Amino acid sequence: MSNDYFRFKQFTVRQNRCAMKVGTDGTLLGAWARMPVPASPHAGTGQHILDVGTGTGLIALMMAQRFPHATVTGIDIDNDAATQAEENVLASPFATRINIEHRSLQCLYDHACPAGTLEESAHIRKMFSAIVCNPPYFTDSLECPDKQRSMARHASSLSYDELMHHSSGLLDPAGELSVIVPFDNMYKMNSAAAIAGLHTKRICTVKTTACKPPKRVLMAFGRHQDGTTETSELGIGSDGYNSMLCDFYLKIRLSADTDHQE
């Protein structure tokens, strides 16, 4: 049985009301996703982050910790998850910068882009400098009888095509959409991104063991093609993994020659 809470260095995540608990996928995405560097020291104060399918609020909290001048909106279609995420946010040091809403990405998009082209409605909708999503990953399997767990895990609630289409309309021209998916789903996600007019900017494959194939892949997309795609590999428990997560996990050790970068 999972613990009812997970304690990090700067906040605690309670999870007894959420179908999906704190896990490696969420913490990796929260530590890996990035925002464009502001043009001036004061420009970052207007940056907004969207966490799609926020669940416990973990990724929203991590992004708020990493980007102290940004505001974060977390959305979830599960009322219990949204309620618990809000409770976790209110108990954190970042409560004034995170807003949790019980709504779907489709609803947020329809409200933000009511009519006309994306360009015509740009002046009335909030643009996000970063969008993060740990999306439902079962695309072709039978749904779980547990409706709450099925909603969190099965792509029928948010397909890759929907994620990419709606994110494209909400993403700042210089922003990034970051996701983590099973490695076997990478090409499906790339295809959905291409149809939505998004370009792959970064790819990081994640291995649980060095001698085995990757299990997960972190992917970042943008609205403009910047040239070559930045690629990397990360091993669970490696120095790179520990360096990425040392600001969050209570017990993590860095080797003496590991450079810790924000």
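Computed from a predicted structure; not experimentally measured.

J.: What should I look at first to understand the overall build of the protein in this one?
T.: Summing up its helical and strand segments, the protein has 9 helices and 10 strands in all. When the 262 residues of the protein are sorted by exposure, 48% land in the buried category. Once local pairs closer than 6 in sequence are excluded, the contacts in the protein between residues at least 24 apart make up 70%. Carbon and sulfur atoms make up 52% of the accessible area of the protein, which totals about 13,100 Å².

J.: How should the packing of helix H7 (residues 160–170) against helix H8 (residues 186–195) be read in this particular structure?
T.: A pair of packed helices is characterised by two quantities: the angle between their axes and the separation of those axes. It is at 8 Å that the axes of H7 and H8 come closest, and there the two elements cross at 40°. Overall, the two elements H7 and H8 adopt an arrangement that is oblique. For the pair H7 and H8, the crossing hand works out as right-handed. In contact with Tyr160, Asp161, Leu163 and Met164 of H7, H8 contributes Lys188, Met189, Ala192 and Ala193. Residues belonging to the contact of H7 with H8 are distributed by class as follows: 6 nonpolar, no polar and 2 charged.

J.: Can you help me understand the sheet that holds strand E3 (residues 48–52) in this one?
T.: Within a sheet, adjacent strands bond to each other through the backbone by hydrogen bonds, running parallel or antiparallel. On the basis of which strands lie adjacent, the open sheet formed by 8 strands has the order E5-E4-E3-E6-E7-E9-E8-E10 and mixed pairing. The two strands at the open ends of the sheet, each matched to only one other strand, are strand E5 (98–102) and strand E10 (230–235). On average, each strand axis in the sheet is tilted by 15° relative to the strand beside it, whichever way the strands run. Inspection of the sheet shows strand E8 (residues 199–207) paired to E10 by 6 bridges, in the parallel sense. Bridge assignment links lysine 207 to a residue of E10, and that residue is glycine 235. This element, H8, spans strand E7 (171–182), E8 and strand E9 (216–222) of the sheet and lies at about 10° to E9.

J.: Hey, could you run me through the packing of helix H1 (residues 24–32) against helix H2 (residues 58–66) in this one?
T.: Two elements in contact, H1 and H2, have axes separated by 9 Å at closest approach and are oriented at 25°. With respect to their mutual orientation, H1 and H2 come out roughly parallel. Crossing of H1 over H2 shows right-handed handedness. Of the residues in H2, those in contact with Gly26, Thr27, Leu29, Gly30, Ala31 and Trp32 of H1 are Leu58, Ile59, Met62, Met63 and Arg66.

J.: Please explain H2 as it appears in this structure.
T.: Spacing of three or four residues puts side chains on the same side of an α-helix, whose turn is 3.6 residues. Counting buried positions along H2 gives 8 out of 9 residues, so the element sits mostly inside the fold. Along H2, the positions that sit buried rather than exposed are Leu58, Ile59, Ala60, Leu61, Met62, Met63, Ala64 and Gln65.

J.: Honestly, the pattern of salt bridges in this entry has me stumped. Any pointers?
T.: Close approach of charged atoms allows side chains of opposite charge to pair. If you walk through the whole model with that rule in mind, you get 10 salt bridges. As a salt-bridge pair, arginine 17 and glutamate 87 come within 3.4 Å of each other at their nearest N and O atoms. Remark: glutamate 87 occurs in helix H3 (residues 79–90) and arginine 17 occurs in the loop between strand E2 (12–14) and H1; sequence separation between them is 70 residues. Overlapping salt bridges bring together Arg34, Glu176, Lys201, Arg202, Asp226 and Glu230 as one network.

J.: What exactly am I supposed to notice about the nonpolar core here?
T.: A general feature of soluble globular proteins is that nonpolar side chains tend to end up buried together. By size, the foremost hydrophobic cluster in this structure holds 39 residues, and its most contacted members are Phe8, Phe11, Ile49, Met63, Ile98 and Leu245. Elements with a minimum of two residues in this core: H1, H2, H3, E5, strand E6 (128–133), E8, E9 and helix H9 (239–245). With 7 residues, H2 is the single largest residue contributor to this core. Contact partners of methionine 63, with chain neighbours within four places excluded, come to Gly30, Ala33, Ile49, Ala130 and Val132. Core analysis: the second largest hydrophobic core is formed by 27 residues, Leu158, Leu171, Val179 and Met186 among them.

Cut-offs applied
- Residues numbered from 1 in each chain as written.
- Predicted model: local features only at pLDDT ≥ 70, side-chain atom pairs only at ≥ 80, totals over all residues.
- Heavy atoms only, no water.
- Helix = DSSP H or I, 4+ residues; strand = E, 2+ residues; numbered from the N terminus.
- Buried < 20%, exposed > 50% of the residue type's maximum accessible area, 1.4 Å probe, protein only.
- Contact = heavy atoms within 4.5 Å.
- Areas by Shrake-Rupley, 256 points an atom, 1.4 Å probe, with all protein chains shown as cover.
- Axes fitted to C-alpha atoms, helices over the stretch in contact; angles between N-to-C directions.
- Parallel < 35°, antiparallel > 145°, perpendicular 65-115°, else oblique.
- Left-handed = near helix turned anticlockwise from the far one by under 90°.
- Nonpolar A, V, L, I, M, F, W, Y, C, P; charged D, E, K, R; others polar.
- Pairing = 2+ DSSP bridges.
- Salt bridge = Lys/Arg side-chain N within 4 Å of Asp/Glu carboxyl O.
- Core = buried A, V, L, I, M, F, W, Y, C linked by side-chain atoms within 4.5 Å.

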